[in-house]
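Spelled out, the chains give:
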Amino acid sequence: VSTGALSGWTPHEFGRIDVNSLWSTAGIFPKDIALSTPKEASREIRQSFGTTYGGNYKLQWEDGPKTVLIIKKPHDEQTDKTLIEVASWIHEKYPYMNVIVEPDVAQEFAEKLPFVYVIPVGKRVEYTRVTDLVITLGGDGTILHTSSLFNSAVPPVISFSMGTLGFLLPYHINNYKTALEKLIEKKQASLLLRMRLKCTLHGADGRRLQAKDGSGRINDLTVMNEVNLHRGRYPHLTSIGCFVDGHLITEAVADGLIVASPTGSTAYSLSAGGSIVHPSIQSLLLTPICPRSLSFRPVLLPPNATIQLKIGEKSRGPAEVSMDGKETFFLDKNEFLQVCMSPFPMPCVNRVHAGEDWIKDINDLLKWNQGFHNKQTMTHYMSE
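Heads up: these notes are all about the structure in this document. On a predicted model such as this, the values are computed, not experimentally measured, just so you know.

### Side note on the packing of aromatic side chains
This model, assessed by the stated rule, comprises five aromatic pairs. Taking 5.6 Å as the distance between ring centres and 90 degrees as the angle between the ring planes, the aromatic pair formed by Trp-89 and Tyr-176 counts as edge-to-face. Of this pair, Trp-89 sits in helix 1 (residues 77-93) while Tyr-176 sits in helix 5 (residues 176-186), placing them 87 residues apart in sequence. By relative accessible area, Tyr-176 is classed as buried at 5%. The interplanar angle of 50 degrees and the centroid separation of 6.0 Å between the aromatic rings of Phe-160 and Tyr-171 together place this pair among those described as tilted. Here Phe-160, found in strand 8 (residues 157-161), pairs with Tyr-171, found in strand 9 (residues 171-172); they are eleven residues apart in sequence, far enough to count as distant. By the burial criterion, Phe-160 is buried, and Tyr-171 matches it. An aromatic cluster is defined as three or more aromatic residues linked by ring pairs; in this entry it consists of Trp-89, Tyr-94, Tyr-96 and Tyr-176.

### A few points about the pairing of strand 4 (residues 67-72)
Among the six residues that make up strand 4, six are buried, leaving the element largely enclosed by the rest of the structure. Here strand 4 shows two buried faces, one formed by Thr-67, Leu-69 and Ile-71 and the other by Val-68, Ile-70 and Lys-72. Taken together, the three bridges between strand 4 and strand 5 (residues 98-100) define a ladder with parallel strand orientation. By the bridge assignment for strand 5, Leu-69 is matched with Ile-100. After leaving strand 4, the chain enters helix 1 and then returns to the sheet as strand 5, a path that is right-handed. Two strands pair when backbone bridges link them, and strand 4 and strand 7 (residues 133-138) are joined in this way by five bridges, in the parallel orientation. Residue pairing for strand 7: Ile-71 is matched across the bridge by Thr-136.

### Quick word on the nonpolar core
Counting residues in each nonpolar core, the largest one holds 39 residues, and the members touching the most others are Ile-70, Ile-90, Ile-135, Ile-158, Phe-160 and Leu-180. Secondary structure elements with two or more residues in this core: strand 4, helix 1, helix 2 (103-108), strand 7, strand 8, helix 5 and strand 10 (188-194). With six residues, helix 1 is the largest single contributor of residues to this core. Apart from residues no more than four positions distant in its own chain, Ile-70 is found in contact with Leu-83, Val-86, Ala-87, Ile-90, Val-99, Ile-100, Val-101, Ile-135 and Leu-137. Counting 32 residues, the second largest nonpolar core, distinct from the first, contains Val-227, Leu-257, Val-259 and Leu-337.

Parameters and conventions
Residues numbered from 1 in each chain as written. Predicted model: local features only at pLDDT ≥ 70, side-chain atom pairs only at ≥ 80, totals over all residues. Heavy atoms only, no water. Phe/Tyr/Trp six-rings, centres within 6.5 Å; stacked < 30°, edge-to-face > 60°. Helix = DSSP H or I, 4+ residues; strand = E, 2+ residues; numbered from the N terminus. Buried < 20%, exposed > 50% of the residue type's maximum accessible area, 1.4 Å probe, protein only. Pairing = 2+ DSSP bridges. Right-handed = clockwise from strand over helix to strand, strands pointing away. Core = buried A, V, L, I, M, F, W, Y, C linked by side-chain atoms within 4.5 Å. Contact = heavy atoms within 4.5 Å.

See the structure below:
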């Protein structure tokens, strides 16, 4: 397994922190991280074209993480109890650490977690600025939500399974103390850098689209799994011009098209007939959704490619854009979606034998190519 070295994610030295009472309950003080706190810019975890980052990369903090963001699965009683347990344990064992949760979570658990901080609503850019480590409690959807909070650089993310199956969950919640102690006290982590996609929306003249609500230009959007352009509620097939680096490769007539990352290759793209791609392979996967032509097969493109999906003149209605199952926009004729590799990966804390985890995942979760003979072989393999 190839290994590499990453520059340390610089922890932030906290200065003055404003403490604001968000609710009138006596003795309860959920707090905002002060936006004016002076800090030096952190070194960012980035990736470049051709980087072989599928092996285990070792991250060494210059100092231990000082601020941890905990993201939990919503509306789940088991996860609620685990959040209280994990946050309280961190606060008691490492009192110098700042624990951040999302504003609605802080409000819900104000009495049981009075020591937590929040990033004010509308200031998501601050997540990148102040967070040194992210803990997710839930399933793969929780990790996708975490990715949406970081449109640029993402700090290391350690994910704990709550008993659900998922491709992005290397640790079980029963082992959270051991995993976090090792991470925090040794000040280092083994990382798998999962490639993400940068998406932009453009008008027929090439200019960036403005939001329909008048809030201004739609900014760059970063997704972890996939972005898909589809016919949505309209019954007719949509016509989409597919361009790679400015060159027309085909005009697709289909229900839609998916551009997936290697991580997203086992999600919607796989259901639409796309290939399984190992997370170490830098690539863009272009997968058609129910194309009219049976010869239109999925295409694997290099990471330095720029894909444009343009709504054709023959389309009878607008097309919808969905990103990681959210962020729905509408594109009219001659407007287009542009996708390329994001320079900011999702640095997922993994175990040393990450390659074996991936093999185990596609066999345990997907039952990949398991006939009677293969199933018996894999059962023996998993028991070792």
